[in-house]
Amino acid sequence: MRTSAPRAARQVPLAHHQVLSDDGTRLRAWTNDPDGTKTGPTVLLCNGLGTNPYAWPALVDPDCEIRVVSWYHRGVGGSARPADPDRCGIEEFVEDGLSVMDHFGLDRPVLMGWSMGVNTMFELAFRHPERVAGLFAVAGVPGDTFATMLGPLRLPHPVARTLTVNATRVLKLAGPVLSPVASRLPIGPNAVRLISHSGFMLPVSDPALASLAIRELLSTPLGWYFHLALRTSEHARVSLRNIRVPAAFVAGRWDVLAGSRDMASAAARIPGATFTELDGTHFIAMEHPEEVHRLLLDFLDRVG
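A brief structural summary. As the structure is a computational prediction, the values presented were derived from the model and not from experiment.

## Let's talk about the overall build of the protein chain
Along the backbone of the protein chain there are ten helices and nine strands. Whereas a compact globule of 304 residues would reach a radius of gyration of roughly 19 Å, the protein chain reaches 18 Å, a difference of no more than 12%. On the principal axes, the C-alpha backbone points of the protein chain span a range of 45 × 45 × 40 Å. Considering the protein chain as a whole, with its 304 residues, one finds that 57% of them fall into the buried category.

## Some remarks on unusual backbone geometry
Look at aspartate 144: it is not a glycine, yet its phi comes out positive at around 50°. Structurally, aspartate 144 can be placed in the loop between strand 7 (134-138) and helix 3 (145-148). Residue aspartate 144 is classed as partly exposed on the basis of its relative accessible area, which comes to 24%. Positive phi is not limited to glycine here, since leucine 150 has a value of about 65°. Positionally, leucine 150 belongs in the loop between helix 3 and helix 4 (157-182). Given a relative accessible area of 24%, leucine 150 falls into the partly exposed group.

## What to know about empty space enclosed by the protein
A complete count under the given rule lists two cavities of 30 Å³ or more for this structure. Roughly 50 Å³ of internal volume is contained in the largest cavity. The element that contributes the greatest number of residues to the lining of the largest cavity is helix 10 (residues 289-303), accounting for three residues. Broken down by class, the residue content of the lining of the largest cavity amounts to eight nonpolar, one polar and no charged. Taken as a whole, the second largest cavity spans an internal volume of roughly 40 Å³. Looking at the second largest cavity, the residues that line it are Ala147, Thr148, Met149, Leu150, Gly151, Arg154, Leu155, His157, Ala160, Arg261 and Asp262. Of all the secondary-structure elements, those providing two or more residues to the lining of the second largest cavity are helix 3, helix 4 and helix 8 (260-268). The class makeup of the residues in the lining of the second largest cavity is five nonpolar, three polar and three charged.

## Description of the side chain of aspartate 255
Within the fold, aspartate 255 resides in the loop between strand 8 (247-252) and helix 8. At 12 Å, arginine 261 is the nearest oppositely charged side chain to aspartate 255, a buried residue that forms no salt bridge. Within the structure, the side chain of aspartate 255 is placed 2.9 Å from the side chain of histidine 282, a separation counted as a polar contact. If we ignore the near neighbours within four places in the chain, the residues touching aspartate 255 are Ala139, Gly151, Pro152, Gly280, Thr281 and His282.

## Quick word on the layout of surface pockets
Quantified by volume, the largest pocket comes out at close to 1000 Å³. Contributing to the lining of the largest pocket are 38 residues, with Phe200, Leu217, Tyr225, Phe226 and Leu257 lying nearest its centre. Secondary-structure elements contributing two or more residues to the lining of the largest pocket are helix 3, helix 4, helix 6 (207-218) and helix 7 (222-233). No other element matches helix 4, which puts eight residues into the lining of the largest pocket. Looking at the lining of the largest pocket residue by residue, the classes come out as 30 nonpolar, eight polar and no charged.

## Details of the pattern of salt bridges
Counted according to the given criterion, the structure contains 16 salt bridges. Residue aspartate 33 is joined to arginine 67 by a salt bridge in which the shortest nitrogen-to-oxygen separation is 4.0 Å. One end of the pair, aspartate 33, is in the loop between strand 3 (26-31) and strand 4 (42-46); the other, arginine 67, is in strand 5 (residues 67-71), and 34 residues separate them in sequence. Aspartate 33 sits in the buried class, given a relative accessible area of 10%. Residue glutamate 92 is joined to arginine 87 by a salt bridge in which the shortest nitrogen-to-oxygen separation is 3.4 Å.

## A few points about the state of the cysteines
Here the structure, examined in full by the defined rule, presents zero disulfides. Cysteine 46 forms no disulfide, and the closest cysteine sulfur to it belongs to cysteine 88, at a distance of 16 Å. Accessibility expressed as a relative area gives 0% for cysteine 88, which makes it buried.

## Regarding helix 4
Spanning 26 residues, helix 4 covers only 30 Å between terminal C-alpha atoms, well under the ideal 38 Å at 1.5 Å per step. Along its length, helix 4 reaches its greatest deviation from straightness, about 65°, at glycine 175, and the proline proline 176 lies no more than four positions downstream. Inspection of helix 4 places Ala160, Thr164, Val165, Thr168, Gly175, Ser179 and Ala182 among the buried residues, and these make up the whole buried set. Contacts from the buried residues of helix 4 go to helix 3, helix 6 and helix 7.

## Some words on the environment of asparagine 166
As for its position among the elements, asparagine 166 is in helix 4. Sequence-wise, asparagine 166 and leucine 230 are 64 residues apart; in three dimensions their C-alpha atoms are separated by 9.3 Å. Side chain to side chain, asparagine 166 and arginine 169 meet in a polar contact 2.7 Å long.

Calculation notes
Residues numbered from 1 in each chain as written. Predicted model: local features only at pLDDT ≥ 70, side-chain atom pairs only at ≥ 80, totals over all residues. Heavy atoms only, no water. Helix = DSSP H or I, 4+ residues; strand = E, 2+ residues; numbered from the N terminus. Rg over C-alpha atoms; globule rule 2.2 N^0.38 Å. Buried < 20%, exposed > 50% of the residue type's maximum accessible area, 1.4 Å probe, protein only. 1 Å grid on protein atoms, 1.4 Å probe; cavity = no way out; pocket = protein on both sides within 12 Å on 5 of 7 lines; lining within 4 Å. Points joined across faces, edges and corners; volume = space filled by probe spheres on them. Nonpolar A, V, L, I, M, F, W, Y, C, P; charged D, E, K, R; others polar. Lys, Arg positive; Asp, Glu negative; His and termini not counted. Salt bridge = Lys/Arg side-chain N within 4 Å of Asp/Glu carboxyl O. Polar contact = N/O pair within 3.5 Å; in protein donor to acceptor, adjacent residues only side chain to side chain. Contact = heavy atoms within 4.5 Å. Disulfide = S-S within 2.5 Å. Expected span 1.5 Å × (residues − 1). Bend = angle between axes of the 7 residues up to and from the residue.

Structure below.
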């Protein structure tokens, strides 16, 4: 069933659908093809944790020919929380992705992942190789993501994992206090420009759209967001031995949330996989949308 897009996003061509996952959790899915007029191939986007369509300027551009199908994670953006609050890890995200594919009639699409969505798409490919035509990874690794964080600092993986998981536990506990403040922050283009000079994010191509992406992200209660993060931190590295579909990795050189070196290492273990490093951060799809989109188009041509 289609529902209207949120008022704040009416300038972006999106359609929203209600989808039931296998365990009965109601998901809010979306597509950039509300009128069914896209002429290019269809890509299933396994998005970053708790993120939204507005983090992808090239994909929500009205002139984008690629048909994108995706969904909001459990408890985020209109998707319901599961009856069992612990059912919100990568395994459940794989179930959700398959449910969204079935809802839209996608038998074997190319999967595109960002951040924790790269975990999701590789786990889906490992469990259901017959449902995947290719894997396009943006700023993410195939599992054990928290061990690769703080990559530019070149910390040993066990140290990086300990630091980041414990920091996430603290933020989860502080969530009820932080959420009322975060949800009221005046996030506009000027705030985005300020964040873009922090080193965590570099200047983006569309500050107005980026501000919408950040506001949507901050609308999720932070206690729940960091609960999702802790559950996904339990996801171990996916075995790449049996990955037989084309794969491409696009990394940000200054990414502190998914190590570029670890993405290069994963690409080296998949026959024929490509690795591209851009001068950006975890948010390279907002910093270099045209270049990331060109790499995606080249990859789709390679998959055929």
